[in-house]
Amino acid sequence: MTSDPRAWHAESKAVHPPVADVSGSRPLGVPIHQGHVFSFEDPDALADAFAGPAAAFAYGRLGNPTVRTLEQAVAELEGGAGALATASGMGAINAVLFALLRSGDHVIAQRSLYGGTMAVLGDLAERWGVEVTYVAGDSAAEVRAALRPNTRLLYLETISNPTTRVADLPGLLAAVRYSGVVGVVDNTFATPLLCRPLDHGADIVVHSATKYLGGHGDVLAGVAVFRSAELQHTVWEHASELGATVDPFTAWLTLRGLQTLPLRVRRHCENALALATRLAAHPAVAAVHYPGLPQHPDHELAGRLLAGGHGGVLAFDLAGGREAGHAFASAVRLASLAPSLGGVQTLVLHPASTSHRRLTDEQLRAAGIGAGTIRISVGIEHPDDLWADLDQALRKAG
Ligand code: PLP
């Protein structure tokens, strides 16, 4: 065996191709670094690569250049010190909760959180000895009253699903300031284009990047953004133990989605407002839930908290109840009947017959959802085509 690569046998040449040197120029497109392992000349430099989330790249679960590019991009958009990209939104949420909580800790959480998050909080309470107090999300006094000496975390969502209530982030986060409580906000529905929770006192922002950040229905990813490098380090350590790391190609697709995020969010908001306004005037519709409408209970708060729009998700209650909801959901043509949200295509969901089908009408009411409630994740299609589709479906549900 010689050290001159040109003299190697075919077997050695095949597994050690010379990696192209790109140091003379800079690729404008983000390269996909698919390899999960990086080599070093100096053993001390390899040892240093295990030190933290900003260290040199050694092993893919601890860090990867394409993934780090996504992390830096989202950290910039949210105004954070750093970020951590994960294999799903639930990966980010679990990494944050399990990194920061231990048995005996107390959490204050909004009552109307995403179902997956509620399930994790339920598990933490039942199996891990974490106490959870649920609050409405509109009263700083209620949060202050719930505070205990062992309160470690306040967990909120900027806009709730499917009733589109807007949380009073500045008020609620101010209620726990100086108490050592970590404020975590799920900003999936608002995106950093409409709201930056760190500017309102949050310590960590989490996203299901599966939704608006990716934006095209082709990735499953998550991101957590941190106010401080210390919080980032703590959660990074835990996330790499959990194995919640996102793969480079998914990170690349998410970065590609991010490039058009401002354009898409503007269009989602314009389309949602146009549809909400027309739905509110339709005789088959009993109520519309969209913070852009003056009759929404959080319209005034949304005007202060959200910049440049009110989001792309709306819900409405059909006067005909459960049967009307089912008929409407089967009648849409341009919109698709599907779970998920935040993509370029319009998606419609009838919670009472799908995601919440096990609940009685009374339980649905307690969750703020009617038997005839329809949720729409409004896409970026032409608003007249969307309205024509909803209008014909409303007639069938009539
Ligand atoms: N947070 C919110 C607000 C969501 O709507 C979802 C999923 O629908 C999640 C978190 C979980 O994200 P993922 O499905 O990417 O794990």
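None of these values were measured; they are calculated from a predicted model.

Draft legend 1. Region of interest: the packing of aromatic side chains. Taken as a whole and assessed by the stated rule, the structure comprises four aromatic pairs. Both rings, one in Phe249 and one in Trp252, keep their centres 5.8 Å apart while their planes meet at 15 degrees; by these two values the pair is stacked. Placement of both Phe249 and Trp252 in helix 10 (residues 248-258) is noted, with a separation of three residues, approximately one turn of the helix. Overall, Phe249 belongs to the partly exposed group, its relative accessible area being 40%. The exposure class of Trp252 is partly exposed, given its relative accessible area of 22%.

Draft legend 2. Here's a closer look at the environment of Ile380. As for its position among the elements, Ile380 is in the loop between strand 12 (373-377) and helix 15 (383-397). Overall, Ile380 belongs to the partly exposed group, its relative accessible area being 30%. A C-alpha to C-alpha distance of 7.4 Å links Ile380 and Thr346, two positions 34 residues apart in sequence. Discounting residues that sit within four places of it in the chain, Ile380 has contacts with Arg264, Arg267, His268, Asn271 and Val344.

Draft legend 3. Quick peek at the pairing of strand 2 (residues 106-110). Along strand 2, five of the five residues are buried, which leaves the element largely enclosed by surrounding structure. Two strands pair when backbone bridges link them, and strand 2 and strand 3 (residues 131-135) are joined in this way by five bridges, in the parallel orientation. Counterpart to Gln110 in the pairing with strand 3 is Val135. In the sheet, strand 2 pairs with strand 4 (residues 151-157) via four bridges, with the strands oriented parallel. Across the sheet, residue Ala109 finds its bridge partner in strand 4, namely Tyr155.

Draft legend 4. Expanded view of the side chain of His106. With respect to the helices and strands, the residue His106 is situated in strand 2. Judged by relative accessible area, His106 falls into the buried class, the value being 0%. Looking at His106, its side chain comes within polar contact range of the side chain of Thr151, at 2.8 Å. For His106, the residues in contact, after removing those within four places along its chain, are Glu131, Val132, Thr133, Ala146, Arg148, Asn150, Thr151, Arg152 and Leu153.

Draft legend 5. Structural view of the nonpolar core. Grouped together as the largest cluster of nonpolar side chains are 49 residues, with contacts concentrated most on Val143, Leu154, Leu169 and Val225. If you tally residues by element for this core, the top one is helix 7 (residues 169-176), at five residues. In this structure, this core is formed jointly by two domains, domain 1 (43-258) and domain 2 (261-397), each of which donates at least three residues. For Leu169, the contacting residues outside a window of four places in its chain are Leu156, Thr158, Ala174, Val185, Cys195, Pro197, His200 and Leu305. Membership of the second largest hydrophobic core comes to 29 residues, among which are Leu97, Leu113, Leu121 and Val130.

Draft legend 6. Examining the environment of Thr373 more closely. Within the secondary structure, Thr373 sits in strand 12. Along the sequence, Thr373 and Arg256 sit 117 residues apart, while their C-alpha atoms lie 34 Å from each other. Among residues more than four places away in sequence, those in contact with Thr373 are Ala315, Phe316, Asp317, Leu349, His350 and Pro351. A polar contact is formed between the side chain of Thr373 and the side chain of Asp317, at a distance of 2.7 Å. Within the structure, the side chain of Thr373 is placed 2.7 Å from the backbone nitrogen of Gly370, a separation counted as a polar contact.

Draft legend 7. Main features of the side chain of His282. Summarising the element assignment, His282 is placed in the loop between helix 11 (261-280) and strand 8 (285-289). A polar contact is formed between the side chain of His282 and the backbone nitrogen of Ala284, at a distance of 3.1 Å. Setting aside residues up to four positions removed in sequence, His282 forms contacts with Trp387, Asp391 and Leu394.

Draft legend 8. Representation of the pattern of salt bridges within the structure. The final tally for this structure, using the stated rule, is nine salt bridges. Notably, a salt bridge pairs Arg304 with Glu300, separated by 3.1 Å at the nearest N-O pair. Here Arg304 and its partner Glu300 are both found in helix 12 (residues 299-305), four residues apart, which amounts to about one turn of the helix. Glu300 shares its class with Arg304; the two are exposed.

Parameters at a glance
- Residues numbered from 1 in each chain as written.
- Predicted model: local features only at pLDDT ≥ 70, side-chain atom pairs only at ≥ 80, totals over all residues.
- Heavy atoms only, no water.
- Phe/Tyr/Trp six-rings, centres within 6.5 Å; stacked < 30°, edge-to-face > 60°.
- Helix = DSSP H or I, 4+ residues; strand = E, 2+ residues; numbered from the N terminus.
- Buried < 20%, exposed > 50% of the residue type's maximum accessible area, 1.4 Å probe, protein only.
- Contact = heavy atoms within 4.5 Å.
- Pairing = 2+ DSSP bridges.
- Polar contact = N/O pair within 3.5 Å; in protein donor to acceptor, adjacent residues only side chain to side chain.
- Core = buried A, V, L, I, M, F, W, Y, C linked by side-chain atoms within 4.5 Å.
- Domains from an automatic or database assignment.
- Salt bridge = Lys/Arg side-chain N within 4 Å of Asp/Glu carboxyl O.

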